[in-house]
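Each chain is listed here by its residues.
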Amino acid sequence: MATQDNERALITTEVQTESTDRSDRPDETVLEARTLDVYYGEDQALTDVSIEIPEHKVTAIIGPSGCGKSTFLRSINRMNDQIDACRVDGELSFHGKNVYDDDVDPVALRRKIGQVFQKPNPFPKSIYDNVAYGLRVQGELDEGGMDDAVEEALRGAALWDEVEGKLDSSGLDLSGGQQQRLCIARAIATDPEVILMDEPTSALDPVAASKIEDLIDELVEEYTVVIVTHNMQQAARISDRTAVFLTGGSLVEEDDTATIFEDPRDDRVEDYITGKFG
Ligand SMILES: Nc1ncnc2c1ncn2[C@@H]1O[C@H](COP(=O)(O)OP(=O)(O)OP(=O)(O)O)[C@@H](O)[C@H]1O
């Protein structure tokens, strides 16, 4: 028992500092899954998942490999549509509207619910064009407006100071951490409400990862962030809410991050966060 407490203490010591405490914000639900099941062919990847995700907070999705974290993330903005074998039952609503209704345009949905992936994936284009890409598709801005919007997105992603003056250079010439911030700039350029992040720091060195964590803390002032992470210390550091998925694709517990790490209700969650499995 003492060992277990010590192990847990390693994690709980890093649960949010006061400067990142957003607990006084009202919990407006922006996304809600209700009895969500997701299948790949005959195999079920998510089972009866119900969760409400509050606005302007960071929600971390944690759990062992293969428990359906990425599948859940992709089901929020219908990225799973691109997988032929994938089938979704149940409801996933964004501001109360089921995103799987026939009248929802997935492209418009993804503009509102952007995504950042594990491996930075800038386009083989200039820094400027990476950020301008989505805005050009929207086609609403003249040249001056585009310049301003690109600068704003790069500032929002804490990259402007490092790339000002070399916006014509290739996005691929940036460091890994800078590339990931460029991808975040690309995601926020189209003015989304939600940013989904699938292990956004796992391919980065600790310094670059720490910059992204600081950035997430700033982004949540304007956006709602849902982040999948294998790194429990990271979840404890940066998230307000934590949802724990376990094998079989079930959401076993979801609560304030401090409660999940300090006083979980479910023994399996306790075992998972103290490193007994996963
Ligand atoms: N494109 C796909 N086609 C078929 N099965 C898939 C596909 N993507 C995921 N799966 C299966 O769905 C289950 C959940 O996978 P998913 O990638 O969502 O889990 P995860 O928790 O994100 O895993 P990890 O932590 O290893 O990234 C796994 O059994 C996986 O093999």
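Every value quoted in this text rests on a predicted model; they were computed, and no experiment measured them.

Colleague: What is the right way to read the pairing of strand S8 (residues 224-228) from this model?
Modeller: Strand residues, when the strand is regular, have side chains that alternate between the two faces of the sheet. Most of S8 is tucked away, with five of its five residues classed as buried. Side-chain alternation along S8 places Thr224, Val226 and Val228 on one buried face and Val225 and Ile227 on a second face that is also buried. Here five bridges tie strand S7 (residues 194-198) to S8, and the two strands are oriented parallel to one another. The partner of isoleucine 195 across the bridge, within S8, is valine 225. Taken together, S7, helix H8 (residues 206-219) and S8 form a β-α-β motif whose crossover is right-handed.

Colleague: For this particular structure, what's the right way to read the site of the ligand?
Modeller: Around the ligand sit Tyr40, Ala45, Gly63, Ser65, Gly66, Cys67, Gly68, Lys69, Ser70, Thr71, Ile83 and Ala85, and those are all the residues in its vicinity. Tallying contributions element by element places helix H2 (residues 69-76) first for the shell around the ligand, with three residues. Across the shell around the ligand, the residue classes break down as five nonpolar, six polar and one charged.

Colleague: How do you make sense of H8 when you look at a structure like this?
Modeller: Given 3.6 residues per turn, any residue in an α-helix points the same way as the ones three and four places further on. Helix length check: H8, at 14 residues, gives a terminal C-alpha distance of 20 Å against a target of 20 Å (1.5 Å per residue), a fit within 8%. Among all positions in H8, only Ile212, Ile216 and Leu219 are buried. For H8, the arc enclosing every buried residue in end-on projection is 65°, short of the 170-degree limit, so these residues lie on one face. Opposite the packed face of H8, turned more than 90 degrees from it, sit the exposed residues Pro206, Val207 and Glu218. In this fold, the buried residues of H8 make contact with strand S3 (58-62), helix H7 (176-189), S7, S8 and helix H9 (232-238).

Colleague: Mind showing me how you'd approach the nonpolar core here?
Modeller: The nonpolar side chains of soluble globular proteins are, as a tendency, buried together. Core analysis: the largest hydrophobic core is formed by 69 residues, its most contacted members being Ile61, Ala153, Ala185, Ile195, Val225 and Val226. Among the elements that make up this core, the one with the highest residue count is H7 (seven residues). Excluding residues within four positions of it along the chain, alanine 185 makes contact with Val131, Ala153, Leu154, Gly156, Ala157 and Leu159.

Reading the values: rules and limits
- Residues numbered from 1 in each chain as written.
- Predicted model: local features only at pLDDT ≥ 70, side-chain atom pairs only at ≥ 80, totals over all residues.
- Buried ≥ 20, exposed ≤ 12 C-beta atoms within 10 Å, placed from the backbone.
- Helix = DSSP H or I, 4+ residues; strand = E, 2+ residues; numbered from the N terminus.
- Pairing = 2+ DSSP bridges.
- Right-handed = clockwise from strand over helix to strand, strands pointing away.
- Near = placed C-beta within 6 Å.
- Nonpolar A, V, L, I, M, F, W, Y, C, P; charged D, E, K, R; others polar.
- Expected span 1.5 Å × (residues − 1).
- Arc of directions from axis to C-beta.
- Contact = placed C-beta atoms within 7 Å.
- Core = buried A, V, L, I, M, F, W, Y, C linked by C-beta atoms within 7 Å.

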